[in-house]
Amino acid sequence: MEQLKTIGRELAMGSQGGFGQSKEFLDLVKSIGEARSKAEEDRIVLSEIETLKRRIVEPDIPRRKMKEYIIRLVYVEMLGHDASFGYIHAVKMTHNDNLLLKRTGYLAVTLFLNEDHDLIILIVNTIQKDLKSDNYLIVCAALNVVCKLINEETIPAVLPQVVELLGHSKEAVRKKAIMALHRFYQKSPSSVSHLVSNFRKRLCDNDPGVMGATLCPLFDLITIDVNSYKDLVVSFVSILKQIAERRLPKSYDYHQMPAPFIQIKLLKILALLGSGDKQASEHMYTVVGDIFRKCDSSSNIGNAVLYECISCVSAIYPNAKLLEAAADVIARFLKSDSHNLKYMGIDALGRLIKLSPEVAEQHQLAVIDCLEDPDDTLKRKTFELLYKMTKSSNVEVIVDRMIDYMININDNHYKTEIASRCVELAEQFAPSNHWFIQTMNRVFEHAGDLVKSKVAHNLMRLIAEGFGEEDDTADSQLRSSAVESYLRIIGEPKLPSLFLQVICWVLGEYGTADGKFSASYVTGKLCDVADAYSNDEIVKSYAVTALMKLFVFEIAAGRKVDILPECQSLIEELSASHSTDLQQRVYELQAIIGLDAHAVECILPSDASCEDIEIDKNLSFLNDYVQQSLEKGAQPYIPESERSGMLDISNFRSQDQHEASTHGLRFEAYELPKPSVPSRTTPVSLASSTELVPVPEPSYHREVQQAATVPSSSDTGSSEVKLRLDGVQKKWGRPTYSSSAASTSNSSSQNTVYEVTPVDGSSNVNSKAREASYDLKKTQVEISPEKQKLAASLFGGTSKSERRASSTGHKVPKGSSHVLKSTAGSTTDVLVEKTTPVQPPPDLLDLGEPTLKDGPSSVDPFKQLEELLDPTQLGSSANPGIVGSTSAPDIMQLYSDKPASGQSGGFMYPSSSNRSDDNLVSGLANATTDSAHNITAAAHPSQFSKGPNLKDSLEKDALVRQMGVTPSSQNPNLFKDLLG
Amino acid sequence: MGIRFILMVNKQGQTRLAQYYEWLTLEERRALEGEIVRKCLARTEQQCSFVEHRNYKIVYRRYASLFFLVGVDNDENELAILEFIHLLVETMDRHFGNVCELDIMFHLEKAHFMLEEMVMNGCVVETSKSNILAPIQLMDKTS
């Protein structure tokens, strides 16, 4: 019966699928979607590659079919396989006149090619043509590609047109033209240096979209050169003010926040401009303060803007009021249960403590909580904060913690970073020599191979030179404690090479200096090291040199050198080593041992590693010898720099003609290839590509007349195909533009342009239950004594800080009680009072469907499948009424568990195994608004249950079933509403 | 530069959409995707939606079985990126109606077109849903 239905539907639809796609394509997508493993996916893609290779070269492929092939190629590359055999077809498709096909072709080439690919040359022409198109959508498509595929060399080919498009009547074109110019600036700032005033001009564009886009290049420009843009501060502030006052079109609102993404960008720019500039900062205080007040702190996006405000406030010239507001927000972030907010709070705290270090103390316990959190991201961020707030009073605790953490991480990139931070802090703040040596030992022990060798050399130098004070006893104490700890550590297995080098050097230099350890004891240890790490020649040579020093110091002190048997055998073994360096060291050692006390003291004086050694870099003592040799007819020495110049033939000839003949080498053979010869050997790919693309020759010639010359690849002869674009660049003059006029005209023009849109009264929807919990947390009921101790050691004195905590404590609840109030309004309030949504509610709305029907996790999938196959069921399955379900204790829970419904999405199975995964909105703050939408929609289920396009969704559903892609197959997730 | 790449990957780690704003070779992409997907999939829902990876960060968000991962520079506002992802999903939802993984698979090019409107040169340039969808709807109409 079902089969019959399917067949009927298939017949009705014909060979074309409902999406305008062939069965073949749908089959491909279906099989990829259902692949259970990477291996299976690879197999599908490989066979797809074979099919495509055959099909794509068939003659007379219909255009739509070709488009489908191109998308299939995109799939092949996306899934990690090479589709280069089809690139040329994507290039060809860009020549197509049909907009959809052209844009698909452009999309494919941006995905396939990089800007230096050989095929780009075939696209530049098309781009030039399309930039002049009457259809603005084609112009936009071309500008998209310009941003991705134009490199430094091809910029001049399109630059004039792009500049012209900056004044296009369509805002979408102006926006993309600005971004193309931005791209050129990124690629080669000099190519557009005469055009940067355009960015200023477009800032005052009538269209907020263009203005918003212009902020991207301006941000880059200001980052590099702040001072040239100080005059724009007033404009930026005025734009930000207008946005905050909701004077932008409503379509820029996001979750009841007016154009938050533009606000964030503006705050970033203000932070740059106000940094260290009191005058500029003063312009900003009011608007930033306003935003602090207006931000909806219950939504993610509101918090994102608030975070940006804090970043801005801590970058500009400090203002007490704003700093206080920032501290309040940080307090709220840190007390939140959301890890995301905690993360942002820790980050913000790190920014603010530079200005007001005392803020950190209020939050010591929250910081410690984050430090001990199992979430690695949060932990790392907290370590970053601790790194920023380290001082000599807390360095011991912080570095200890850092090392403990470092020991347990596997990510070498991060391990290296944290190790070097430990070293840096230890060097900067070490409270005692002993602690410093211990700390360095731990760092080397656990991250030795990741530590840069420079760190090791610094350590050795530090031990040799001391801490710079004139106190000699402190220095020798440092050395003794180093020697002592190294002698203890040296026996441990598997020490990193770098650490062993440090140990050997220090033991050799200072091992017997304080007389605590006998030479034979230290040499014995060194021999053990050389034995244990017999593969590491560097360590062995350090050890041998250390041995030599120890023996020499013994001789110099007039004691008898007592060479241990194992030492003797080591020396003998190494004297036959494959490494000439090791051999030499051993022979030197043997030779020196035989000398008398006076001689050795000259060779290796005790504790002289810091003495300067005079070096005669000119080797002037060899002058006589050189002179003699020259007189005997030797060739003069040619410095290396000049020798490399010999490769350049012309240079060489003019410089030293006769020498060439004496060498007897024929330099002619290396002459640059003549253009005609290699044209024969033009790379095959290039040759074939010109064949494949039927770009008519005439079109090139036309272009020649227009300025941009595109030589065909065969006559350049070089494999690097370049455009010859001379004479194009300087066609237009520097626009005359006065910046001060711009800033004034800007504010006035925008005043008129941006409509005043009413503030959405219902903006304060909040059903977040978890906000309530931080109020409780604030009281910090249970604080373990260890934590308090740790806090005290990190922040210095809990008593003081607790007082501080409570003093701000009364501020925080103000915000939270407000939140609580609205939460108290509870879900039913929202349900009743929430007005109709501003925009046609997205079809999240079906989600309003209660669990009555699907609720029990033991739904029979087959039964459901039957329902699915009967379209009439679709309607009937809708919405038994949301109101009953509000009795559920947690509305969020309800949403996350209940299956989504409606058209294809409705086929999702709430099987118990999926249940845990279904929490789509994952408790993020913006879920509040979503749920509000859901509820509203649920109130009018009959209207909205199928979303805005019921017909489409029914079609989609039918088609999908026709293809046999049903949830009962292997991947029911494919049907799950993303916004469910 | 801001955004370095946008990935959509399902729970099984299969790529559903990949857009890079800096050039990586096929092998590099493959390696990167494998590495970060493994990292993100291993995290629990209580943990941060941010992961530091080498010298940049990944902000990710999960919708049903599909993960949206955005690689950003270190100075980017993570929460804003998180909401950018949601804006993208809302936009797709408005266009497709109850958007699901299969919609993206069947209309890969359209999902890309939306991204092309929203992000250029690694910067968020358009956040108005109607502006993002206008060219796509016009294109649907004409063809």
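Just above sits the structure.
Residues numbered from 1 in each chain as written. Chains lettered and ligands numbered in written order. Predicted model: local features only at pLDDT ≥ 70, side-chain atom pairs only at ≥ 80, totals over all residues. Heavy atoms only, no water.

**Quick look at the overall build of chain A**
The helix and strand inventory of chain A stands at 53 helices and 0 strands. Across the 980 residues of chain A, 54% fall into the buried class. Long-range contacts, defined as pairs at least 24 residues apart, comprise 71% of the intrachain contacts of chain A with a sequence gap of at least 6. Accessible area of chain A: about 44,700 Å², with a carbon and sulfur share of 53%. (Helix = DSSP H or I, 4+ residues; strand = E, 2+ residues; numbered from the N terminus. Buried < 20%, exposed > 50% of the residue type's maximum accessible area, 1.4 Å probe, protein only. Contact = heavy atoms within 4.5 Å. Areas by Shrake-Rupley, 256 points an atom, 1.4 Å probe, with all protein chains shown as cover.)

**What to know about the overall build of chain B**
Within chain B one finds 5 helices and 7 strands. Start at the N end of chain B and walk to the C end: the helices and strands fall as β-β-α-β-β-β-α-α-α-β-β-α. In chain B, buried positions account for 76% of the 143 residues. Within chain B, counting contacts between residues at least 6 apart in sequence, those at least 24 apart form 48% of the total. For chain B, the exposed area adds up to about 3,800 Å²; of that, 49% sits on carbon and sulfur atoms.

**Side note on the sheet that holds strand β1 (residues 3-10) of chain B**
Residue and element names in this part refer to chain B. Sheet architecture is open: 5 strands sit in the order β2-β1-β5-β4-β3, paired in antiparallel fashion. The open sheet has two edge strands with one neighbour each: β2 (15-20) and β3 (50-53). Recorded for the sheet is a direction-independent mean angle of 20 degrees between the axes of neighbouring strands. The pairing of β1 with strand β5 (residues 66-72) spans 7 bridges and is classified as antiparallel. Paired with Phe-5 across the bridge in β5 is Gly-71. (Pairing = 2+ DSSP bridges. Axes fitted to C-alpha atoms, helices over the stretch in contact; angles between N-to-C directions.)

**Focus on the nonpolar core**
For soluble globular proteins, the rule of thumb is that nonpolar side chains tend to be buried together. Among the nonpolar cores identified, the biggest contains 301 residues, and Phe-236 of chain A together with Met-92 of chain B are the most heavily contacted of them. Broken down by element, this core gets its largest block of residues, 12 residues, from helix α8 (residues 136-149) of chain A. Met-92 of chain B has contacts with Leu-978 of chain A together with Met-8, Phe-68, Gly-97, Val-99, Ile-104, Ala-111 and Met-114 of chain B, leaving out every residue within four places of it along the chain. (Core = buried A, V, L, I, M, F, W, Y, C linked by side-chain atoms within 4.5 Å.)

**Description of the packing of helix α7 (residues 120-131) of chain A against helix α9 (residues 155-165) of chain A**
All names here are of chain A. Remark: α7 packs on α9, axes separated minimally by 10 Å, with the N-to-C direction vectors making an angle of 20 degrees. As far as their axial angle goes, α9 and α7 are roughly parallel. Crossing angle aside, the handedness with which α7 passes α9 is left-handed. Residue-level inspection shows Val-124, Ile-127, Gln-128 and Leu-131 of α7 in contact with α9, the latter providing Ala-157, Val-158, Gln-161, Val-162 and Leu-165. Residues of the contact of α7 with α9, tallied by class, amount to 7 nonpolar, 2 polar and no charged. (Parallel < 35°, antiparallel > 145°, perpendicular 65-115°, else oblique. Left-handed = near helix turned anticlockwise from the far one by under 90°. Nonpolar A, V, L, I, M, F, W, Y, C, P; charged D, E, K, R; others polar.)

**Side note on the interface of chain A and chain B**
Across the boundary between the two partners, chain A contributes 105 residues, which contact 86 residues of chain B. Summed over both sides, the interface of chain A with chain B buries roughly 8,300 Å², with 54% coming from carbon and sulfur. Three residues, Met-78, Arg-103 and Leu-978 of chain A, lead the burial of chain A against chain B; their summed loss comes to 10% of the area buried on that side. The residue Arg-43 of chain B makes a salt bridge to Asp-375 of chain A at a minimum N-O spacing of 2.9 Å. At the surface where chain A touches chain B, the tally comes to 33 residue pairs in polar contact (both at pLDDT 80 or more). Here the side of chain A that touches chain B gets 8 residues from one element, more than from any other, and that element is helix α6 (residues 99-112) of chain A. Tallied by class, residues from the side of chain A that touches chain B come to 46 nonpolar, 33 polar and 26 charged. (Buried area = accessible area lost by both parts, 1.4 Å probe. Salt bridge = Lys/Arg side-chain N within 4 Å of Asp/Glu carboxyl O. Polar contact = N/O pair within 3.5 Å; in protein donor to acceptor, adjacent residues only side chain to side chain.)

**A few points about the side chain of Gln-19 of chain B**
Assignment of secondary structure puts Gln-19 of chain B in strand β2. Reaching out from Gln-19 of chain B, the side chain makes a polar contact with the side chain of Lys-148 of chain A at a distance of 2.7 Å.

**Here's the deal with the pattern of salt bridges**
Residues and elements named next belong to chain A. Counted according to the given criterion, the structure contains 49 salt bridges over all chains. One salt bridge connects Arg-72 with Glu-24, and the closest N-O pair in it is separated by 3.0 Å. Of this pair, Arg-72 sits in helix α4 (residues 63-78) while Glu-24 is found in helix α2 (residues 23-34), placing the two residues 48 residues apart along the sequence. The class of Arg-72 is buried, set by a relative accessible area of 1%. Overall, the relative accessible area of 27% leaves Glu-24 in the partly exposed class. A salt bridge links Arg-585 to Asp-581, with the nearest nitrogen and oxygen atoms 3.1 Å apart. Here Asp-581 and Arg-585 lie together in helix α31 (residues 580-593), a separation of 4 residues that amounts to about one turn. Beyond isolated ion pairs, a larger network of salt bridges with shared partners links Glu-24, Glu-48, Arg-55, Lys-65, Glu-68 and Arg-72.

**Some points on the pairing of β2 of chain B**
Residue and element names in this part refer to chain B. Counting buried positions over the 6 residues of β2 gives 6, a clear majority of the element. Two elements, β1 and β2, share 5 bridges in a ladder whose sense is antiparallel. Paired with Val-9 across the bridge in β2 is Thr-15. In textbook terms, the turn of a hairpin is the stretch between consecutive antiparallel strands, and for β1 and β2 this stretch comprises 4 residues, one of which, Gly-13, has a positive phi near 85 degrees.

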